[in-house]
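# Reading the structure
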Amino acid sequence: MEKFFKIKENGSTISREIIGGITTFLAMAYILAVNPGILSESGMAFNSVFTATAVSAAFATLVMAFLANLPVALAPGLGLNAFFTYTVVMAMNCTWQFALTAVFAEGLIFILLSFFGIREAIINSIPAGLKKAVAVGIGLFITIIGLANAGIVSNDTGTLIGFVNFDMSHRTAIVAVIGLMITIVLYIMKVPGSILISIAVTTLIGIPFGITKVPENFSPVSIPAAPYLFCFEWKNILSLKFVIVLFTFLFTDLFDTLGTLMGIAEQGNLKDEKGNIRNAKGALLSDALGTVAGACLGTSTVTSFVESTSGVAVGARTGLASVVTAFLFLIALFFTPLFALVPAAATAPALIFVGFMMMKSITAIDFSDATEGIPAFVTIMVMPFSYSISKGIAWGIISYALCKLVGKKAKDVNIVTWILAAVFIFDIVFEACTK
């Protein structure tokens, strides 16, 4: 292990790596409950998605360990799974097989882009302010989904959207608010695995409220369900709709992964002599391979998790920590019934709180420059209120090109952004003319 992972060279020990791997798992294991819950709303079976989630997370995290030697764990990403279910399947009336095909194609493209180093070049072509705004917009989008799933917000309050009364007719909302308070307290106290602990405690609290349903003869252990293997739909891959969905997956995952890796590298000083992310090519390739594997198994885009910073915070510096995290994901496979108990009221606080974590990027946006601030605002605003990540990205890029043109700063816009703006304008006009 010392020779392969270079533990001492990276200023760590085997015990620190093990503790770091466990801490990272505890911090992100909530995805085992949240991801199947979200994707099951698209018509997929909870147990099959649970298996796909655990196996794809274990596979991608192991690849990260051996290709990049970084303490970074991967799993199906929040925001990306929301786009999969709520936008592609529900809003666009596509099948989940169509969405999986787009995820698979995204992964294949990312493998090529990562292998040839093109991915970094594409990242550099997108305006920095929009990258931050996309993260913030997704955070608010996830928050809205969490509030809705918990029954905290409703359009039955006499307004377009409003908070319900917290009485016994809204027990799900009451339990979710309790869960959110628990999450906040644990997070501020810096308790490792605060989100997972909150989900577990809130699930228990839901029992006397009648929110958590415990079946008769319940057993927490079971044989893992079979995942969806190669359930793809190829007949619509040449359609404009498929291209738009594919690009949105590409764009969102592209910047989510880069931002996560940059944050982890900064925190743990996991950088090379030039100040770049250590083994960045291997890290990006791990993300791409994980996405392909996840799509083949039946889950949404696999991406690097920012919760890996919790493992780095306790000393993890090498891929050995990732090996530990991957092993724990495989162990979790045999506890599907335990995770199936978790109600929406328990996972909703996790979605809401992840929204807070993604809001941090807003501090890096230059709102004093209208040509930067307005496109960022448009991106952030459109995502939650249109209930669509893709629309937020489209209007953000269009407004960026417009603001720079009117502000006589057209030279700030690179050719790729102009092309993207033109494509999105064409899509809006095409959609309007065909309805």
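Our structure's up above, just so we're on the same page.
Residues numbered from 1 in each chain as written. Predicted model: local features only at pLDDT ≥ 70, side-chain atom pairs only at ≥ 80, totals over all residues. Heavy atoms only, no water.

### Focus on the overall build of the chain
The secondary structure content of the chain amounts to 19 helices and 4 strands. In summary, the chain has a C-alpha radius of gyration of 21 Å against a globular reference of 22 Å for 435 residues, a match within 12%. Counting only C-alpha atoms, the chain reaches 65 × 60 × 45 Å along its principal axes. Buried positions account for 54% of the 435 residues belonging to the chain. Of all intrachain contacts in the chain linking residues separated by at least 6 positions in sequence, the fraction that spans at least 24 positions is 79%. (Helix = DSSP H or I, 4+ residues; strand = E, 2+ residues; numbered from the N terminus. Rg over C-alpha atoms; globule rule 2.2 N^0.38 Å. Buried < 20%, exposed > 50% of the residue type's maximum accessible area, 1.4 Å probe, protein only. Contact = heavy atoms within 4.5 Å.)

### Observations regarding the nonpolar core
Considering soluble globular proteins, one finds that nonpolar side chains tend to be buried as a cluster. Among the nonpolar cores identified, the biggest contains 86 residues, and Tyr30, Leu78 and Phe84 are the most heavily contacted of them. Here this core takes 10 residues from helix H6 (residues 96-115), the largest share from any one element. Judged by nonpolar contacts, the second largest core, of 16 residues, contains Leu74, Ile264, Leu284 and Val312. (Core = buried A, V, L, I, M, F, W, Y, C linked by side-chain atoms within 4.5 Å.)

### Here we look at a nonpolar patch on the surface
Together, Val221, Phe327, Ile331, Phe334, Phe335 and Leu338 line one region of the surface with nonpolar side chains, adding up to about 540 Å² of accessible area. Checked against the element boundaries, Phe334 lands in the loop between helix H14 (319-332) and helix H15 (336-340). (Patch = residues over 30% accessible without salt bridge, like charges linked within 9 Å, V, L, I, M, F, W, Y side chains within 5 Å. Areas by Shrake-Rupley, 256 points an atom, 1.4 Å probe, with all protein chains shown as cover. Salt bridge = Lys/Arg side-chain N within 4 Å of Asp/Glu carboxyl O.)

### Focus: helix H9 (residues 171-188)
Across its 18 residues, H9 extends 26 Å between first and last C-alpha, which sits within 8% of the 26 Å expected from 1.5 Å per residue. By the burial criterion, the buried members of H9 are Ala173, Ile174, Val175, Ala176, Gly179, Ile182, Thr183 and Leu186. In this fold, the buried residues of H9 make contact with helix H10 (194-209) and helix H16 (344-359). Just beyond H9, the residue with positive phi is Lys190, at close to 60°. (Expected span 1.5 Å × (residues − 1).)

### With respect to the side chain of Thr291
Within the secondary structure layout, Thr291 lies in helix H12 (residues 280-297). Of the residues examined, Thr291 reaches a relative accessible area of 0% and is grouped as buried. Discounting residues that sit within four places of it in the chain, Thr291 has contacts with Val103, Glu106, Gly107, Asp253, Thr301 and Val302.

### Quick word on the state of the cysteines
What the rule picks out here adds up to 0 disulfides. Lacking any disulfide linkage, Cys231 is separated from the closest cysteine sulfur, that of Cys296, by 10 Å. For Cys296, a relative accessible area of 15% translates into the label buried. (Disulfide = S-S within 2.5 Å.)

### Focus on the packing of helix H8 (residues 128-149) against H16
Contact pair H8 / H16: the axes reach a minimum separation of 7 Å and the direction vectors enclose 160°. One way to sum up the angle between H8 and H16 is to call them roughly antiparallel. In terms of crossing hand, the pair formed by H8 and H16 is left-handed. Only Ala344, Ala348, Leu351, Ile352, Gly355, Met358 and Met359 of H16 make contact with H8, whose side of the interface consists of Ala135, Val136, Ile138, Gly139, Leu140, Ile142, Thr143, Ile145, Gly146, Leu147 and Asn149. Of the residues contributing to the contact of H8 with H16, the split by class is 13 nonpolar, 5 polar and no charged. (Axes fitted to C-alpha atoms, helices over the stretch in contact; angles between N-to-C directions. Parallel < 35°, antiparallel > 145°, perpendicular 65-115°, else oblique. Left-handed = near helix turned anticlockwise from the far one by under 90°. Nonpolar A, V, L, I, M, F, W, Y, C, P; charged D, E, K, R; others polar.)

### Here's the deal with unusual backbone geometry
Notably, Asn217 is not glycine yet its phi reads approximately 55°, a positive angle. Within the secondary structure, Asn217 is located in the loop between H10 and helix H11 (240-268).

### Some words on the environment of Gly43
When you line up the elements, Gly43 lands in the loop between helix H3 (31-40) and helix H4 (46-67). The spatial distance from the C-alpha of Gly43 to the C-alpha of Val89 is 9.0 Å, given a sequence separation of 46 residues.

### A closer look at H14
For H14, with 14 residues, the first-to-last C-alpha span of 20 Å sits near the 20 Å given by 1.5 Å per residue. Residues of H14 that are buried include every one of Gly319, Leu320, Ala321, Ser322, Val324, Thr325, Ala326, Phe329 and Ala332, and no others. Contacts from the buried residues of H14 go to helix H1 (2-5), helix H2 (14-28), H3, H4 and H15.

### Structural notes on the pattern of salt bridges
Taken as a whole, this structure holds 3 salt bridges when the rule is applied. With a closest N to O distance of 3.0 Å, Glu372 and Lys404 form a salt bridge. Taken together, the residues span a long stretch of sequence, with Glu372 in helix H17 (residues 370-386) and Lys404 in helix H18 (residues 389-406) at a distance of 32 residues. Its relative accessible area of 1% is what places Lys404 among the buried residues. Look at the salt bridges and you will find they share partners, linking Glu372, Lys404 and Asp412 into a network.

### Some remarks on the packing of aromatic side chains
For the structure shown, the criterion picks out 15 aromatic pairs. Geometrically, the ring pair formed by Phe4 and Phe5 is edge-to-face, given 5.0 Å between the ring centres and 85° between the ring planes. Its relative accessible area of 47% is what places Phe4 among the partly exposed residues. Assessed through its relative accessible area of 5%, Phe5 is described here as buried. Look at Trp96 and Tyr228: their rings are 4.7 Å apart centre to centre, the planes differ by 50°, and that puts the pair in the tilted class. Placement of Trp96 in helix H6 and of Tyr228 in the loop between H10 and H11 is noted, with a sequence separation of 132 residues between them. By the burial criterion, Trp96 is buried, and Tyr228 matches it. Taken together, the ring pairs in this structure connect Phe4, Phe5 and Phe66 into an aromatic cluster. (Phe/Tyr/Trp six-rings, centres within 6.5 Å; stacked < 30°, edge-to-face > 60°.)

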